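Summary of structural features
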Amino acid sequence: MTEKETEQDYIVYTDGGCAVNPTGPGGIAVVIIDTNTGEITEISKGYNCTTNNRMEIMAVITAAEFIKEGTVSLYSDSQYVLNTLSGKFRKKQNQDLWKKLDDVSRNIQFDLHWIKGHSGDHYNEQCDRMCQEAMYDLEHMEEDAGYIEIRRSRKEFMENVSNQAAKPENSMHKQIELPEKFNLEQIHLMPAKEYAKLYQTSETCAKKLFEFKMYGSTTFQAYMGLKSGNDSWSRKKKEALLEGLPDPDEIWQIVTSYIPEESDAFVCLRWYRRRLPLYHAIRKTLVAIEIRNNCYKS
């Protein structure tokens, strides 16, 4: 600790992030060092639907709620949080969290320090690890109530758009019935970079798939939002797309029963190889066909 740090009651490191920003699972992490006793406290939490910036603020709130009063050297790699706390940035968004932080830190005096992320600082790296673990611990998620309300309003709007576009003969009304084994398929959450490498797709595609899973809405607009980016599957045809799949003949028969045009069936298989479950891969392709035929814009 530096001489200036020892003059503070606490040294605090915070981090926050989101697996898919926005709307994905997020996590916060805090390391609190009591300079008087040397005691170190670590806190981490996961939230099931949120944003990067909200998690960065929530991490500072969590530290302030623990400390309650005193002087604090606060270290963060978030320019957004530090510049807002210093008054350089206005509090334009996330008003609910900034108000809460103001309330819980009335008796705290912050000395602000920016630290570059992933630069080798021990406690910053520790916060990053804790944050990553929390955002993927789906069994112990809390709700970001303020953001849930924002999403609820947005979801209603998007579903209204979908309902206006929907007609009895359209892609969303076509019945899709698959063998039971295909109904068990799901998108597995992991860091987007890792997912992209494992399934030979783009990070953009991985993030869109995670958002689709976490948003939980299977509306016309939600399928429109799935984007592939430029990945290794984009130009592959039938033989390469079916290679390595269990029961490739059965899968091809199922796909073409709903999507008879061969080039469109390739599109469906590409989504399936990106690990979009077969039901959703078929529905996504039907939506894409409808968009093409009716010139809808996403």
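For the structure, check the block above.
Before going into details, it helps to say that this report is about the structure given with it. (Residues numbered from 1 in each chain as written. Predicted model: local features only at pLDDT ≥ 70, side-chain atom pairs only at ≥ 80, totals over all residues. Heavy atoms only, no water.)

Another aspect to go through is the packing of helix α2 (residues 52-67) against helix α4 (residues 95-104). Packing of α2 against α4 leaves a shortest axis separation of 9 Å and a crossing angle of 20°. By the angle between their axes, α2 is roughly parallel relative to α4. Like other packed secondary-structure pairs, α2 and α4 cross with a definite hand, here left-handed. Each of R54, I57, M58, V60, I61, A64 and E65 in α2 lies in contact with α4, whose residues at this interface are D96, L97, W98, K100, L101 and V104. Class assignment of the residues belonging to the contact of α2 with α4 gives a composition of nine nonpolar, no polar and four charged. (Axes fitted to C-alpha atoms, helices over the stretch in contact; angles between N-to-C directions. Helix = DSSP H or I, 4+ residues; strand = E, 2+ residues; numbered from the N terminus. Parallel < 35°, antiparallel > 145°, perpendicular 65-115°, else oblique. Left-handed = near helix turned anticlockwise from the far one by under 90°. Contact = heavy atoms within 4.5 Å. Nonpolar A, V, L, I, M, F, W, Y, C, P; charged D, E, K, R; others polar.)

Counting through the fold element by element, E7 comes out in the loop between α1 (3-6) and β1 (10-18). For E7, a relative accessible area of 56% corresponds to the exposed category. Considering only alpha carbons, one finds E7 and T71, 64 residues apart in sequence, at a separation of 8.4 Å. (Buried < 20%, exposed > 50% of the residue type's maximum accessible area, 1.4 Å probe, protein only.)

Turning our attention to the pattern of salt bridges. A complete count under the given rule lists ten salt bridges for this structure. Where D102 meets K91, a salt bridge forms, and the shortest distance between an N and an O atom there is 3.2 Å. Taken together, the positions of D102 in helix α4 and K91 in the loop between α3 (79-85) and α4 put the pair eleven residues apart, joining distant regions of the chain. A residue is classified by how much of its surface remains accessible, and D102, at 37% relative accessible area, is partly exposed. You can call K91 partly exposed: its relative accessible area is 31%. The structure contains a network of salt bridges with shared partners spanning R54, D96 and D144. (Salt bridge = Lys/Arg side-chain N within 4 Å of Asp/Glu carboxyl O.)

Turning next to the packing of aromatic side chains. By the definition in use, this model includes seven aromatic pairs. Taking the centre distance of 5.4 Å and the plane angle of 40° together, the rings of Y13 and Y123 count as tilted. Taken together, the positions of Y13 in strand β1 and Y123 in helix α5 (residues 122-135) put the pair 110 residues apart, joining distant regions of the chain. What links up through ring pairs into an aromatic cluster is the set Y13, Y75 and Y123. K236 extends its terminal NZ or CZ atom over the ring of W233, reaching a point 4.6 Å from the ring centre. Sitting over the face of the ring of W271, R274 holds its NZ or CZ atom 4.8 Å from the ring centroid. (Phe/Tyr/Trp six-rings, centres within 6.5 Å; stacked < 30°, edge-to-face > 60°. Lys NZ or Arg CZ within 6 Å of the ring centre and 35° of its normal.)

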